[in-house]
Amino acid sequence: MLYREAGQFKTSYAADMAVFPIRQDRIALWLLLAFVFIGIPLLANFQIWPFGSEYLLRAILVPFLILSLAAIGLNILTGYCGQLSLGSGAFMAIGAYCAYKFGTGVNIPLFGLALSIPPLPVLPSILLGGLMAAIGGILFGIPSLRIKGLYLAVATLAAQFFFDWVFARVQWFTNYTSSGSVNAPQLEFFGLFVNTPIERYMLCLIFVVVFAMLAKNLVRGNLGRQWMAIRDMDIAAELIGIRPLYAKLMAFAISSFIIGVAGALWAFVYLGSWEPLAFSIDRSFQLLFMVIIGGLGSILGSFLGAAFILVLPILLDQVPHALGIPVSVETVSLLVFIVTGALICWLLIVEPHGFARLWATAKEKLRLWPYPY
Amino acid sequence: MLRATLFLAAAAAVAMTGPAVAQQNEQFLPSLVYRTGPYAPNGIPFANGVIDYWNMINERDGGINGVKIAPEECETGYATDKGVECYERMKSKGPTGAGYFSPLSTGITFALTEKVPGDKIPLLTMGYGRSESRNGAVFPWNFVAVGSYWTAADVAVQHIAKEMGGFGSLKGKKISLVYHDSPYGKEPIAALEARAKQHGFTFKAIPVTHPGVEQKSQWLAIRQDRPDYVLLWGWGVMNPTAIKEAAGVGFPRDKMMGVWWAGAEPDVIPAGDTSTGYKALMLQHGAGKFGIHADIEKHLIGKGKGQGKADDIGHVLYNRGLLNSMLGVEAIRTAMKRYGNKPMTGEQVRWGFENLDLSAARIKELGFEGMVAPIKLSCQDHQGADQARVQQWDGKAWKVISDWYTADQKILAPMVKEAADKYAAEKKITPRDCSKES
Amino acid sequence: MILLGQILEVLISGLLSGVLYSLVALGFVLIYKASGVFNFAQGAMVLLAGLALVRSLDFVAAQGFPMWTAIILGLTFAAAVMTLSAYVIERFVLGPLVNQDGLTLFMSTIGVTFVLEGLAQMVFGAEIYPLKLFPTDAWFLAESIFPGGILLNKLDVWGGLIAGVLVAGLAVFFQRTKTGRALRAVADDHSAAQSVGIPISWIWFVVWLVAGLVALVAATVWGTKLGVQFSITFLALKALPVLIIGGFTSVPGAIIGGLIIGAGEKLAEVYLGPFMGGGIEYWFGYVLALVVLMFRPQGLFGERIIERV
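No experiment lies behind these values; they were computed from the predicted model shown.

Asker: Help me understand the overall build of chain A in this model?
Answerer: When you go through chain A residue by residue, the secondary structure sums to 14 helices and 6 strands. Here the C-alpha radius of gyration of chain A, 22 Å, is about what a compact globule of 373 residues would show, namely 21 Å. For chain A, the C-alpha atoms occupy an extent of roughly 75 × 60 × 45 Å along the three principal directions. Burial statistics for chain A: of 373 residues in total, 52% are counted as buried.

Asker: What am I meant to see in the interface of chain C and chain B here?
Answerer: Often, the extent of an interface is quoted as the loss of accessible area on bringing the components together. Listed as interface residues are 30 residues of chain C and, on the opposing side, 31 residues of chain B. Listed by contribution, the elements that provide at least two residues to the side of chain C that touches chain B are α1 (2-35), β2 (150-153), α9 (235-246), α10 (251-276) and α11 (281-295) of chain C.

Asker: Looking at this model, I keep getting lost on the pairing of strand β1 (residues 26-33) of chain B. Mind explaining?
Answerer: On a regular strand, one side chain projects to one face of the sheet and the next to the other, so that they alternate. All names here are of chain B. Along β1, 7 of the 8 residues are buried, which leaves the element largely enclosed by surrounding structure. In terms of strand pairing, β1 meets strand β2 (residues 68-75) through 8 bridges, oriented parallel. Looking at β2, one finds that Glu26 is bridged to Lys68.

Asker: Mind showing me how you'd approach the confidence of the model for chain C here?
Answerer: Low pLDDT means the predicted coordinates in that region are not meant to be read closely. The predicted model of chain C has a mean per-residue pLDDT of 89, with 99% of residues at 70 or higher. The ipTM value of the predicted complex is 0.90, and its pTM value is 0.92.

Asker: I tried to follow the packing of helix α5 (residues 154-176) of chain C against helix α6 (residues 178-188) of chain C on my own but got confused; where do I start?
Answerer: How two helices sit against one another is set out by the angle between their axes and by the gap between those axes. Residues and elements named next belong to chain C. In the contact formed by α5 and α6, the axes pass within 5 Å of each other and the chain directions differ by 80 degrees. Accordingly, the angle class assigned to the pair α5 and α6 is roughly perpendicular. The segment α5 lies against α6, with Phe173, Phe174, Gln175 and Arg176 engaging Gly180, Leu183 and Arg184. Here the residues of the contact of α5 with α6 sort into 3 nonpolar, 2 polar and 2 charged.

Asker: When you look at the packing of α1(C) against α10(C) in this model, what are you seeing that I'm missing?
Answerer: All names here are of chain C. Contact geometry for α1 and α10: axes closest at 6 Å, N-to-C directions at 140 degrees. Relative to α10, α1 is oriented oblique. Crossing hand, α1 versus α10: right-handed. A breakdown of the residues in the contact of α1 with α10 according to their chemical character gives 16 nonpolar, 8 polar and 2 charged.

Asker: Any chance you could explain unusual backbone geometry here in plain terms?
Answerer: Residue and element names in this part refer to chain B. Residue His210 is joined to Pro211 through a cis peptide bond whose omega torsion reads -5 degrees. With respect to the secondary-structure elements, Pro211 resides in the loop between β6 (202-208) and α7 (216-225). Despite not being glycine, Tyr78 has its phi angle at roughly 70 degrees, a positive value. With respect to the helices and strands, the residue Tyr78 is situated in the loop between β2 and α3 (80-90). Located in the positive-phi region is Val146, a residue other than glycine, with phi close to 75 degrees. Along the polypeptide, Val146 turns up in the loop between β4 (142-143) and α5 (149-164).

Asker: When you look at the environment of C:Ala79 in this model, what are you seeing that I'm missing?
Answerer: Residue and element names in this part refer to chain C. Relative to the elements of secondary structure, Ala79 occurs in helix α3 (residues 67-94). For Ala79, a count of 17 C-beta atoms within 10 Å gives the class partly exposed. For Ala79 and Ala49, which are 30 residues apart along the polypeptide, the C-alpha to C-alpha distance reads 7.5 Å. Once you skip the residues sitting within four places of it in the chain, Ala79 turns out to touch Leu213 and Leu216.

Asker: What should I look at first to understand the interface of chain C and chain A in this one?
Answerer: Taken together, the 38 residues of chain C in the interface contact 36 residues of chain A. Among the elements that make up the side of chain C that touches chain A, the one with the highest residue count is helix α4 (residues 102-124) of chain C (17 residues).

Asker: Even after reading the chapter, I still don't get helix α10 (residues 244-271) of chain A, so can you show me in this structure?
Answerer: Note on helix geometry: an α-helix contains 3.6 residues per turn, so any two residues three or four positions apart are oriented the same way. All names here are of chain A. Given a rise of 1.5 Å per residue, 28 residues ought to cover 40 Å, and the 38 Å separating the end C-alpha atoms of α10 matches this to within 8%. The sharpest bend along α10 measures roughly 25 degrees and falls at Leu265. α10 sits mainly inside the fold: 24 of its 28 residues count as buried. A positive phi of about 85 degrees marks Gly272, the residue just after α10.

Procedures and definitions
- Residues numbered from 1 in each chain as written.
- Chains lettered and ligands numbered in written order.
- Predicted model: local features only at pLDDT ≥ 70, side-chain atom pairs only at ≥ 80, totals over all residues.
- Helix = DSSP H or I, 4+ residues; strand = E, 2+ residues; numbered from the N terminus.
- Rg over C-alpha atoms; globule rule 2.2 N^0.38 Å.
- Buried ≥ 20, exposed ≤ 12 C-beta atoms within 10 Å, placed from the backbone.
- Contact = placed C-beta atoms within 7 Å.
- Pairing = 2+ DSSP bridges.
- pLDDT = per-residue confidence, 0-100.
- Axes fitted to C-alpha atoms, helices over the stretch in contact; angles between N-to-C directions.
- Parallel < 35°, antiparallel > 145°, perpendicular 65-115°, else oblique.
- Nonpolar A, V, L, I, M, F, W, Y, C, P; charged D, E, K, R; others polar.
- Left-handed = near helix turned anticlockwise from the far one by under 90°.
- Expected span 1.5 Å × (residues − 1).
- Bend = angle between axes of the 7 residues up to and from the residue.

Structure (structure tokens):
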């Protein structure tokens, strides 16, 4: 009844191809953006439930936004281009450590000549961190031209373990600290200091919104269609004139760039101090889960998947305590494992295409509501 | 399917709203634990000790000076991001927020070090964490009480020297460090290198990748290299595996010494007979039962309220959990002397830590006689003690085999200062002036 | 001479530890061969089997029964647990997922991993449980030729023997039994096998059961080596490069892959490691596998991947 596009006429090709062709969708999007950009800061400012404490912002929304960003990056590679990757944790680590290096000054001694870059401000550091991740992505993407499917997934693990080792072993990356653990520099953007939870949240939000829009438009365009052709059948794509070298490596580069930026944010904004273990293989699996549960080949799905995989265990963990059921943390955390695993299996069985497909189904139903045929 | 998802979402929303009812006159104390996952065998006994001491205080004394302790555990699984989430979840619970945090993980300690100054909550990292956080002027919120990794490294070298017949005989010897490849395992390297330079022994660091289930090549290399002594800086399953591999390549176990995190029952029992003779440092206390255990048995175990299994009471990590809680509770008690008998805020607890003065008489009164030496913290010195002993596993129990060693401040103090200054410069911290603190 | 002896020692130890990885990799191969599922849960199955074995064994031994009874009862109980888990996984997870693409199946096995890890620790405990079924001390061979001799760990030798017996047994099972032939038929073509009357769900149950028993065998060896604890699940990650080199579908490939990875990473760690700061063996196996893949994208013994438009 409410959600019906009757009377909305498209008069141009551009209007027909718009990201949100239905007016209600556009209104909903603007409302959502208004809420996250204006509503949440207001609520947090006046400490209105559930923003009374910092917990929701600091421990749920900030990691959710950052991991959504990383999931968008992985979705470009796996969901749109069909290249299975288990190395996302490594690319996050490259982003984080390189951003740290650029933020604290790079000094490469080259046979007497020293290549020195003075400490850069935070924003260019993060973006350069992403760029370095993109280069790493291209390097480890080259095998994808020959290796496919699960074999490629296991090959990307080589990247994962290799970079785990590099950042643990090469002290240059950690500025020779005795423990190999590094601290994020002061977060300063154009003279503004980002410290409070709400400022951190806004920072992540801006990054996520900008990159989500970029990604959405990228996958609708020429490059995105090449990726999807490769995903659906790479030999056929090659026959119709798509260069797999260019398309696949672009997918690796752009995906790793976004993942690298997410890694830098994870380190700088969420953790503050980190070690290679923060970007271990578990992170890679977590991201892959988000993409698959959320829906391969869907930007919206990346958000839904991130919400599910990140927030569900945290919520489950708190349910017994909130309800006052006396269970030991050991039992609860094991139960969280079991329930999360079972839910993943169940979701895959009932909806192998993830939340994005579920969302599409819901929209279809809503169109006909309340008079389905 | 759609309906089920909507239902789940609704259930999640309901779960979020459940407000925890907090008593007004309670001291909220959080405990970051890991009772599952790869490091659970070591995490469980420590967590049991921590919670048993608090519960015992509630049962025996009715709380700290009448203020009941409200404990809550949060499972971190030894993962940094989960630890941060737990911290955020628990830091402002209770009437005055969390009293202090003890993460029992070097990674989580590093991450929380960045967060506690903003939230004004002390971090009690007894025998782990940042060694340079001894400097209370730069790290006002970290308390690496009783000993740091650098203390351990220094004492270990002193003991080896003593076994070999003095520092002079270290010259030309080979000492290898088998370490957990993480900030935890890397912390001692700087201190050991400093000693190596001073005494002229060859120092070699051999990393073992987390979690340390495969160490064959490391031990084959040791067999070929034939070091005179091996230091083991492991945690979790890495320790028994290392001892077994050492036995496999025929490296004598009595030439192996673990740090105090590699010297508890879960580290040696799984390795069976092969661990007989293996040595480890003690963070002052060792295994065994002391005065405090009688109270625990009377007030908790007897009533069926204990977390720890009856056999584990008196094991190394359980005792360390007790000690950890005792320091925290005594800090709160100290703070109450100044601020009154009510729940303390993190800031007040910090004052309590900085003015904590446990005399021998007080330690005896608390039932910890024989477990710790007197300790006194101050605004400048957040460590308070620099002593350790060495224990040896005789196949059934840990036996103390050495006298007290004191780490050499001539070596460590400049290192602490340098590292703390570097941190202060990096974070643009102006160290506080301890002479002006009251 | 000393150097030669040392290199030989590292090589032999490496080859044998590689075979221990193969024990875990075999489980992956069996399931992939028969159902096209990349079973990430193999590591969790080793944990479950190991915990079931050690806990029941300890329980029986504590009742005063002699050790050999305890071992037999423990093995029986663990086998029963693996049978049950194979049934449940087939019935409730993989059965309903028939005809989904490989990625979905792979993800579902990670879901299964979470459930198994949680359940195993909840039912049997999360602490470390020592297991001693095989001797763990060492022989020193050829001491007259090489000073100090060549070290040979008895447990590794046992592991090698067991792997050999296992592979021979599996070969007989695949080649000579009716179920084995049915398994191969299903592996070749699901629908064709189904149309000649092979009950697919039964076959899949058998495959998961066999993989579960292989996990139990792996658990006896690895449990003796490490003690049974959660960390044992990390073995799955050590088995993956073995799997790539050998190819996902080849049983002998898993053994040969294990030999290559084991020898390669140990030699690299001992002789290249010191120049690179050490700890390189974790990624070295993967990089070795990657190099092999560049030349043979299906692994050394995998079935050739044929693509048609």
